[in-house]
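# Structural overview for review
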Amino acid sequence: MSEMLEIVSDVFEKMCKDFVTKETVDLLEEEKWATALWQQLEDNELLKVAVAEQHGGANGDIADLLALYQLTGYYAVPAPVLEHTLANFIIELVGLTPFSSITTILLNEQQTLTLTNGRLDGTIHHVPWARTAQQLVTFAKENDSTKLVAVDLIQAEMTYATNLAAEPRDTVSFEQAEIIAQIEVNELQFQKLIKYATAAKLSAIAGALDKAFQLTVRYSKEREQFGRPIHRFQLVQQHLAILAGEAAIATAAIENMAGSLVDETERFEVAFASIRLDEASKTVATAAHQVHAAIGVTYEHSLQHYTRRLWAWRDEGFTAHYWQEQLAADLLQVEDVWAWMTTQ
(Lines give C-alpha, C1' and ligand atoms only; values in the text may rest on other atoms or scores of the structure.)
Protein backbone atom coordinates (compact mmCIF):
# COMPACT_ATOMS: atom_id res chain seq x y z
CA MET A 1 0.00 0.00 0.00
CA SER A 2 1.43 3.37 -1.00
CA GLU A 3 2.26 6.12 1.46
CA MET A 4 -0.04 8.62 -0.24
CA LEU A 5 -3.20 6.53 0.28
CA GLU A 6 -4.49 8.46 3.29
CA ILE A 7 -3.93 11.85 1.66
CA VAL A 8 -5.56 10.81 -1.61
CA SER A 9 -8.54 9.27 0.18
CA ASP A 10 -9.07 12.39 2.29
CA VAL A 11 -9.00 14.70 -0.73
CA PHE A 12 -11.27 12.42 -2.75
CA GLU A 13 -13.77 12.12 0.09
CA LYS A 14 -13.85 15.89 0.61
CA MET A 15 -14.71 16.34 -3.05
CA CYS A 16 -17.46 13.73 -2.79
CA LYS A 17 -18.91 15.52 0.24
CA ASP A 18 -18.81 18.85 -1.59
CA PHE A 19 -20.10 17.72 -4.98
CA VAL A 20 -22.21 14.58 -4.45
CA THR A 21 -25.62 15.07 -2.88
CA LYS A 22 -28.81 13.09 -3.21
CA GLU A 23 -29.83 15.48 -5.98
CA THR A 24 -26.53 14.76 -7.76
CA VAL A 25 -27.11 11.00 -7.62
CA ASP A 26 -30.67 11.54 -8.83
CA LEU A 27 -29.25 13.11 -12.01
CA LEU A 28 -28.83 9.58 -13.39
CA GLU A 29 -32.60 9.27 -13.57
CA GLU A 30 -32.49 12.21 -16.03
CA GLU A 31 -29.60 10.68 -18.03
CA LYS A 32 -27.18 13.23 -16.58
CA TRP A 33 -24.13 12.77 -14.38
CA ALA A 34 -21.75 14.53 -11.97
CA THR A 35 -19.77 16.61 -14.46
CA ALA A 36 -18.80 19.18 -11.79
CA LEU A 37 -17.20 16.48 -9.66
CA TRP A 38 -15.43 15.04 -12.70
CA GLN A 39 -13.94 18.43 -13.50
CA GLN A 40 -12.66 18.75 -9.94
CA LEU A 41 -11.12 15.29 -10.08
CA GLU A 42 -9.43 16.14 -13.37
CA ASP A 43 -8.17 19.51 -12.11
CA ASN A 44 -6.66 17.86 -9.02
CA GLU A 45 -5.30 14.91 -11.08
CA LEU A 46 -7.02 12.36 -8.86
CA LEU A 47 -7.97 10.37 -11.94
CA LYS A 48 -4.23 9.70 -12.43
CA VAL A 49 -3.57 8.28 -8.97
CA ALA A 50 -2.55 4.87 -10.33
CA VAL A 51 -0.96 6.08 -13.56
CA ALA A 52 2.84 5.89 -13.82
CA GLU A 53 4.90 9.04 -13.34
CA GLN A 54 6.18 8.82 -16.91
CA HIS A 55 2.59 9.33 -18.08
CA GLY A 56 1.91 12.21 -15.70
CA GLY A 57 0.45 10.17 -12.84
CA ALA A 58 1.18 9.61 -9.16
CA ASN A 59 2.47 6.03 -9.58
CA GLY A 60 -0.08 4.57 -7.13
CA ASP A 61 -1.00 0.93 -6.87
CA ILE A 62 -4.16 -1.19 -6.88
CA ALA A 63 -4.69 -0.55 -3.14
CA ASP A 64 -4.97 3.18 -3.83
CA LEU A 65 -7.62 2.52 -6.45
CA LEU A 66 -9.59 0.11 -4.28
CA ALA A 67 -9.68 2.71 -1.49
CA LEU A 68 -11.13 5.24 -3.94
CA TYR A 69 -13.64 2.69 -5.21
CA GLN A 70 -14.92 2.13 -1.67
CA LEU A 71 -15.60 5.86 -1.50
CA THR A 72 -17.32 5.88 -4.90
CA GLY A 73 -19.60 3.17 -3.56
CA TYR A 74 -20.11 4.95 -0.23
CA TYR A 75 -21.20 8.17 -1.97
CA ALA A 76 -22.88 6.46 -4.97
CA VAL A 77 -20.76 8.66 -7.23
CA PRO A 78 -22.66 9.14 -10.52
CA ALA A 79 -19.58 9.33 -12.74
CA PRO A 80 -17.29 6.80 -14.50
CA VAL A 81 -14.50 7.15 -11.91
CA LEU A 82 -14.06 3.41 -11.41
CA GLU A 83 -14.24 2.56 -15.10
CA HIS A 84 -11.85 5.26 -16.29
CA THR A 85 -9.17 4.73 -13.65
CA LEU A 86 -9.37 0.93 -13.82
CA ALA A 87 -9.12 0.96 -17.62
CA ASN A 88 -5.98 3.10 -17.51
CA PHE A 89 -4.45 1.03 -14.71
CA ILE A 90 -5.00 -2.21 -16.63
CA ILE A 91 -3.83 -1.04 -20.04
CA GLU A 92 -0.71 0.44 -18.50
CA LEU A 93 -0.18 -2.83 -16.62
CA VAL A 94 0.07 -4.71 -19.92
CA GLY A 95 2.36 -2.13 -21.47
CA LEU A 96 -0.07 0.14 -23.32
CA THR A 97 -0.39 3.92 -22.98
CA PRO A 98 -3.21 5.30 -20.76
CA PHE A 99 -5.78 7.79 -22.04
CA SER A 100 -6.57 11.28 -20.77
CA SER A 101 -10.11 11.39 -22.20
CA ILE A 102 -12.88 9.35 -20.57
CA THR A 103 -12.32 5.63 -20.99
CA THR A 104 -14.51 2.72 -19.97
CA ILE A 105 -13.82 -0.98 -19.57
CA LEU A 106 -15.68 -4.26 -19.88
CA LEU A 107 -13.84 -7.50 -19.10
CA ASN A 108 -16.12 -10.48 -19.54
CA GLU A 109 -15.15 -13.85 -20.95
CA GLN A 110 -18.75 -14.49 -21.99
CA GLN A 111 -18.77 -11.32 -24.10
CA THR A 112 -15.79 -10.94 -26.41
CA LEU A 113 -15.45 -9.24 -29.75
CA THR A 114 -13.74 -10.73 -32.82
CA LEU A 115 -10.47 -9.26 -34.07
CA THR A 116 -9.37 -9.86 -37.65
CA ASN A 117 -6.43 -8.04 -39.26
CA GLY A 118 -6.69 -5.20 -36.79
CA ARG A 119 -10.44 -4.77 -37.29
CA LEU A 120 -13.04 -5.33 -34.60
CA ASP A 121 -16.48 -6.92 -35.06
CA GLY A 122 -19.27 -7.95 -32.74
CA THR A 123 -21.66 -6.76 -30.05
CA ILE A 124 -21.25 -6.54 -26.29
CA HIS A 125 -23.89 -5.64 -23.74
CA HIS A 126 -23.95 -3.82 -20.39
CA VAL A 127 -20.95 -1.63 -21.19
CA PRO A 128 -20.70 0.87 -18.31
CA TRP A 129 -20.80 4.55 -19.30
CA ALA A 130 -20.24 3.80 -23.00
CA ARG A 131 -22.34 6.81 -24.01
CA THR A 132 -20.02 9.11 -22.04
CA ALA A 133 -16.65 7.54 -22.85
CA GLN A 134 -14.38 8.12 -25.82
CA GLN A 135 -12.51 4.80 -25.60
CA LEU A 136 -13.38 1.24 -24.60
CA VAL A 137 -10.95 -1.35 -23.22
CA THR A 138 -12.15 -4.93 -23.59
CA PHE A 139 -11.24 -8.48 -24.60
CA ALA A 140 -11.25 -9.65 -28.21
CA LYS A 141 -10.67 -13.07 -29.73
CA GLU A 142 -8.29 -13.52 -32.65
CA ASN A 143 -8.20 -17.15 -33.73
CA ASP A 144 -7.30 -19.04 -30.52
CA SER A 145 -5.74 -16.11 -28.69
CA THR A 146 -7.27 -13.57 -26.32
CA LYS A 147 -6.27 -9.95 -26.72
CA LEU A 148 -6.83 -6.84 -24.69
CA VAL A 149 -7.81 -4.09 -27.09
CA ALA A 150 -8.61 -0.41 -26.96
CA VAL A 151 -11.03 1.06 -29.48
CA ASP A 152 -12.50 4.49 -30.16
CA LEU A 153 -16.23 4.44 -29.39
CA ILE A 154 -16.99 6.95 -32.13
CA GLN A 155 -16.93 3.90 -34.43
CA ALA A 156 -19.62 2.07 -32.46
CA GLU A 157 -23.34 1.69 -32.92
CA MET A 158 -24.82 2.20 -29.48
CA THR A 159 -28.10 1.38 -27.78
CA TYR A 160 -28.62 3.07 -24.43
CA ALA A 161 -29.66 1.04 -21.42
CA THR A 162 -29.28 1.23 -17.63
CA ASN A 163 -28.93 -1.14 -14.71
CA LEU A 164 -31.27 -1.24 -11.71
CA ALA A 165 -29.50 1.78 -10.20
CA ALA A 166 -30.06 3.86 -13.38
CA GLU A 167 -26.33 3.75 -14.19
CA PRO A 168 -25.50 3.64 -17.93
CA ARG A 169 -25.06 0.06 -19.18
CA ASP A 170 -25.14 0.33 -22.96
CA THR A 171 -25.06 -2.12 -25.84
CA VAL A 172 -22.13 -1.46 -28.19
CA SER A 173 -21.71 -2.90 -31.68
CA PHE A 174 -18.69 -2.72 -33.98
CA GLU A 175 -18.31 -3.51 -37.67
CA GLN A 176 -14.77 -3.48 -39.00
CA ALA A 177 -13.77 -0.91 -36.39
CA GLU A 178 -10.12 0.11 -36.33
CA ILE A 179 -8.47 -0.49 -32.97
CA ILE A 180 -6.19 1.95 -31.17
CA ALA A 181 -4.04 -0.66 -29.43
CA GLN A 182 -3.88 -4.39 -28.80
CA ILE A 183 -1.84 -6.89 -26.83
CA GLU A 184 -2.15 -10.62 -26.43
CA VAL A 185 -2.77 -11.90 -22.90
CA ASN A 186 -1.97 -15.41 -21.72
CA GLU A 187 -4.02 -17.34 -19.19
CA LEU A 188 -2.10 -16.05 -16.16
CA GLN A 189 -2.47 -12.47 -17.34
CA PHE A 190 -6.15 -13.03 -18.07
CA GLN A 191 -6.75 -14.31 -14.53
CA LYS A 192 -4.86 -11.36 -13.08
CA LEU A 193 -6.88 -8.83 -15.07
CA ILE A 194 -10.25 -10.28 -14.15
CA LYS A 195 -9.22 -10.38 -10.50
CA TYR A 196 -8.44 -6.68 -10.64
CA ALA A 197 -11.80 -6.00 -12.30
CA THR A 198 -13.61 -8.09 -9.67
CA ALA A 199 -11.71 -6.43 -6.83
CA ALA A 200 -12.75 -3.02 -8.14
CA LYS A 201 -16.43 -3.97 -8.14
CA LEU A 202 -16.19 -5.55 -4.68
CA SER A 203 -14.62 -2.41 -3.24
CA ALA A 204 -17.52 -0.31 -4.51
CA ILE A 205 -19.94 -2.85 -3.05
CA ALA A 206 -18.18 -2.64 0.33
CA GLY A 207 -18.59 1.14 0.28
CA ALA A 208 -22.30 0.88 -0.51
CA LEU A 209 -22.73 -1.71 2.27
CA ASP A 210 -21.15 0.62 4.78
CA LYS A 211 -23.32 3.56 3.70
CA ALA A 212 -26.51 1.48 3.94
CA PHE A 213 -25.46 0.57 7.50
CA GLN A 214 -24.73 4.21 8.42
CA LEU A 215 -28.03 5.42 6.99
CA THR A 216 -29.88 2.76 8.95
CA VAL A 217 -28.20 3.67 12.25
CA ARG A 218 -29.03 7.34 11.71
CA TYR A 219 -32.64 6.62 10.80
CA SER A 220 -33.11 4.35 13.82
CA LYS A 221 -32.04 7.21 16.10
CA GLU A 222 -34.30 9.77 14.41
CA ARG A 223 -37.47 7.68 14.00
CA GLU A 224 -39.63 7.39 17.10
CA GLN A 225 -42.32 4.84 17.88
CA PHE A 226 -44.34 4.64 21.09
CA GLY A 227 -42.49 7.63 22.44
CA ARG A 228 -38.90 6.45 22.00
CA PRO A 229 -36.35 6.06 19.18
CA ILE A 230 -36.73 2.76 17.40
CA HIS A 231 -33.08 1.83 18.00
CA ARG A 232 -34.13 1.15 21.60
CA PHE A 233 -36.26 -1.81 20.49
CA GLN A 234 -34.63 -5.22 20.68
CA LEU A 235 -35.62 -6.35 17.18
CA VAL A 236 -34.18 -3.18 15.62
CA GLN A 237 -31.01 -3.63 17.67
CA GLN A 238 -30.72 -7.12 16.24
CA HIS A 239 -30.92 -5.77 12.70
CA LEU A 240 -28.32 -3.10 13.51
CA ALA A 241 -25.98 -5.70 14.98
CA ILE A 242 -26.28 -7.79 11.82
CA LEU A 243 -25.58 -4.72 9.67
CA ALA A 244 -22.56 -3.75 11.76
CA GLY A 245 -21.12 -7.25 11.48
CA GLU A 246 -21.60 -7.43 7.71
CA ALA A 247 -20.07 -3.99 7.16
CA ALA A 248 -17.04 -4.91 9.29
CA ILE A 249 -16.59 -8.22 7.47
CA ALA A 250 -16.79 -6.46 4.10
CA THR A 251 -14.14 -3.93 5.09
CA ALA A 252 -11.83 -6.66 6.39
CA ALA A 253 -12.32 -8.73 3.23
CA ILE A 254 -11.41 -5.76 1.01
CA GLU A 255 -8.31 -4.93 3.06
CA ASN A 256 -7.16 -8.55 2.97
CA MET A 257 -7.79 -8.79 -0.76
CA ALA A 258 -6.05 -5.48 -1.50
CA GLY A 259 -2.99 -6.50 0.52
CA SER A 260 -2.67 -9.80 -1.30
CA LEU A 261 -3.00 -8.12 -4.71
CA VAL A 262 -0.32 -5.55 -3.89
CA ASP A 263 2.04 -8.22 -2.52
CA GLU A 264 1.19 -10.51 -5.47
CA THR A 265 0.38 -13.32 -3.02
CA GLU A 266 -3.28 -13.54 -4.02
CA ARG A 267 -4.61 -17.05 -4.49
CA PHE A 268 -8.20 -17.34 -3.29
CA GLU A 269 -8.70 -13.92 -1.66
CA VAL A 270 -10.69 -12.41 -4.56
CA ALA A 271 -12.90 -15.48 -4.75
CA PHE A 272 -13.48 -15.51 -0.99
CA ALA A 273 -14.28 -11.78 -0.96
CA SER A 274 -16.68 -12.11 -3.90
CA ILE A 275 -18.61 -14.97 -2.32
CA ARG A 276 -18.78 -13.31 1.09
CA LEU A 277 -19.79 -9.87 -0.19
CA ASP A 278 -22.50 -11.43 -2.33
CA GLU A 279 -24.04 -12.83 0.85
CA ALA A 280 -23.45 -9.55 2.67
CA SER A 281 -25.25 -7.60 -0.06
CA LYS A 282 -28.40 -9.65 0.36
CA THR A 283 -28.24 -9.52 4.16
CA VAL A 284 -27.58 -5.78 4.38
CA ALA A 285 -30.22 -4.81 1.82
CA THR A 286 -32.80 -6.92 3.65
CA ALA A 287 -31.95 -5.70 7.16
CA ALA A 288 -31.67 -2.04 6.14
CA HIS A 289 -35.09 -2.07 4.50
CA GLN A 290 -36.58 -3.92 7.46
CA VAL A 291 -35.52 -1.07 9.75
CA HIS A 292 -36.53 1.70 7.36
CA ALA A 293 -39.83 0.01 6.49
CA ALA A 294 -41.73 1.56 3.56
CA ILE A 295 -39.81 4.85 3.47
CA GLY A 296 -36.58 3.09 2.49
CA VAL A 297 -37.86 2.20 -0.97
CA THR A 298 -39.23 5.65 -1.76
CA TYR A 299 -37.58 7.93 -4.29
CA GLU A 300 -37.24 10.66 -1.67
CA HIS A 301 -35.02 8.57 0.63
CA SER A 302 -31.34 7.89 -0.02
CA LEU A 303 -31.30 4.24 1.06
CA GLN A 304 -32.62 3.07 -2.30
CA HIS A 305 -29.56 4.55 -4.01
CA TYR A 306 -27.35 2.05 -2.19
CA THR A 307 -29.51 -1.06 -2.10
CA ARG A 308 -30.27 -0.68 -5.81
CA ARG A 309 -26.53 -0.56 -6.45
CA LEU A 310 -25.96 -3.62 -4.29
CA TRP A 311 -28.58 -5.57 -6.24
CA ALA A 312 -27.23 -4.35 -9.59
CA TRP A 313 -23.48 -4.70 -8.97
CA ARG A 314 -23.63 -8.21 -7.55
CA ASP A 315 -24.97 -9.44 -10.91
CA GLU A 316 -22.43 -7.60 -13.06
CA GLY A 317 -19.04 -8.72 -14.31
CA PHE A 318 -17.49 -11.79 -12.72
CA THR A 319 -20.12 -12.75 -10.17
CA ALA A 320 -19.93 -14.77 -6.98
CA HIS A 321 -21.25 -17.77 -8.93
CA TYR A 322 -18.29 -17.52 -11.31
CA TRP A 323 -15.82 -17.40 -8.42
CA GLN A 324 -17.57 -20.27 -6.64
CA GLU A 325 -16.96 -22.41 -9.69
CA GLN A 326 -13.34 -21.29 -9.95
CA LEU A 327 -12.75 -21.92 -6.26
CA ALA A 328 -14.33 -25.37 -6.44
CA ALA A 329 -12.16 -26.29 -9.44
CA ASP A 330 -9.02 -25.12 -7.60
CA LEU A 331 -9.87 -26.95 -4.40
CA LEU A 332 -10.50 -30.17 -6.30
CA GLN A 333 -6.79 -30.12 -7.11
CA VAL A 334 -5.88 -30.10 -3.39
CA GLU A 335 -5.17 -33.60 -2.11
CA ASP A 336 -6.15 -32.98 1.52
CA VAL A 337 -8.69 -30.14 1.69
CA TRP A 338 -9.08 -30.36 5.49
CA ALA A 339 -5.32 -30.09 6.04
CA TRP A 340 -5.20 -27.15 3.63
CA MET A 341 -8.06 -25.36 5.38
CA THR A 342 -6.64 -25.82 8.88
CA THR A 343 -3.17 -24.61 7.95
CA GLN A 344 -4.21 -21.38 6.20
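So, a few notes on the structure that sits alongside this text.

What counts and what doesn't
- Residues numbered from 1 in each chain as written.
- Predicted model: local features only at pLDDT ≥ 70, side-chain atom pairs only at ≥ 80, totals over all residues.
- Heavy atoms only, no water.
- Helix = DSSP H or I, 4+ residues; strand = E, 2+ residues; numbered from the N terminus.
- Buried < 20%, exposed > 50% of the residue type's maximum accessible area, 1.4 Å probe, protein only.
- Contact = heavy atoms within 4.5 Å.
- Salt bridge = Lys/Arg side-chain N within 4 Å of Asp/Glu carboxyl O.
- Patch = residues over 30% accessible without salt bridge, like charges linked within 9 Å, V, L, I, M, F, W, Y side chains within 5 Å.
- Areas by Shrake-Rupley, 256 points an atom, 1.4 Å probe, with all protein chains shown as cover.
- Pairing = 2+ DSSP bridges.
- Polar contact = N/O pair within 3.5 Å; in protein donor to acceptor, adjacent residues only side chain to side chain.
- Phe/Tyr/Trp six-rings, centres within 6.5 Å; stacked < 30°, edge-to-face > 60°.
- Lys NZ or Arg CZ within 6 Å of the ring centre and 35° of its normal.
- Core = buried A, V, L, I, M, F, W, Y, C linked by side-chain atoms within 4.5 Å.

## Quick notes on the environment of alanine 199
Here alanine 199 is to be found in helix α6 (residues 187–222). The exposure class assigned to alanine 199 is buried, which follows from its relative accessible area of 0%. In this structure the C-alpha to C-alpha distance between alanine 199 and phenylalanine 272, which are 73 residues apart in sequence, comes to 11 Å. Other than its neighbours up to four places away in sequence, alanine 199 contacts Leu66, Met257 and Leu261.

## Remarks on the pattern of salt bridges
With the rule as written, the count across this model stands at 15 salt bridges. Arginine 309 is paired through a salt bridge with glutamate 167; the nearest N and O atoms lie 3.8 Å apart. Note that arginine 309 is positioned in helix α9 (residues 303–313) and glutamate 167 in the loop between β6 (157–159) and β7 (169–185), a separation of 142 residues in sequence. Owing to a relative accessible area of 1%, arginine 309 belongs among the buried residues under this scheme.

## Some words on a nonpolar patch on the surface
Together, Val337, Trp338 and Met341 line one region of the surface with nonpolar side chains, adding up to about 340 Å² of accessible area. Structurally, methionine 341 is set in helix α11 (residues 337–343). Methionine 341 gets classed as partly exposed once you look at its relative accessible area, which sits at 48%.

## Brief notes about the pairing of strand β1 (residues 103–106)
Of the two faces of β1, the one lined by Thr103 and Ile105 and the one lined by Thr104 and Leu106 are each fully buried. Across four bridges, the pairing between β1 and strand β4 (residues 135–142) is parallel. When the sheet's bridge partners are listed, threonine 103 is paired in β4 with glutamine 135.

## Things to note about the pairing of strand β2 (residues 113–116)
Here β2 shows a buried face lined by Leu113 and Leu115 and an unburied face lined by Thr114 and Thr116. In this sheet, β4 lies alongside β2 in parallel orientation, the contact comprising two bridges. Bridge pairing in β4 links leucine 113 to alanine 140. Two strands pair when backbone bridges link them, and β2 and strand β3 (residues 119–128) are joined in this way by three bridges, in the antiparallel orientation. For threonine 114, the partnering residue across the bridge sits in β3 and is aspartate 121. Between β2 and β3, which pair antiparallel one after the other, the connecting turn spans two residues, and asparagine 117 there sits at a positive phi close to 50°.

## Here we look at the side chain of threonine 138
Tracing the backbone through its elements, the reader meets threonine 138 in strand β4. Since its relative accessible area comes to 0%, threonine 138 is described here as buried. At 2.8 Å, the side chain of threonine 138 and the backbone oxygen of leucine 106 are in polar contact. Sequence-distant contacts of threonine 138, defined by excluding residues within four places in its chain, comprise Leu106, Leu107, Leu113, Ile124, Lys147, Leu148 and Val149.

## Focus: the packing of aromatic side chains
Tallying each qualifying case throughout the model produces eight aromatic pairs. Measuring from ring centre to ring centre gives 4.9 Å for phenylalanine 318 and tyrosine 322, while their planes differ by 65°; the resulting arrangement is edge-to-face. The same class applies to phenylalanine 318 as to tyrosine 322, namely buried. The interplanar angle of 90° and the centroid separation of 5.1 Å between the aromatic rings of tyrosine 322 and tryptophan 323 together place this pair among those described as edge-to-face. With respect to burial, tyrosine 322 and tryptophan 323 carry one shared label: buried. The structure contains a cluster of three or more aromatic residues connected by ring pairs, namely Trp33, Trp38 and Trp129. Of note, arginine 228 hangs over the ring of phenylalanine 233, and the distance from its end group to the ring centre comes to 4.2 Å.

## Remarks on the nonpolar core
Taken as a class, soluble globular proteins show a tendency for nonpolar side chains to be buried jointly. Ile90, Leu107, Leu120, Leu148, Phe174, Met257 and Leu277 are the most contacted members of the largest nonpolar core, which totals 117 residues. With 18 residues, the top contributor of residues to this core is α6. With sequence-adjacent residues up to four places away left out, leucine 277 is seen in contact with Leu202, Ile205, Ala206, Leu209, Ala250, Ala253 and Ile254.

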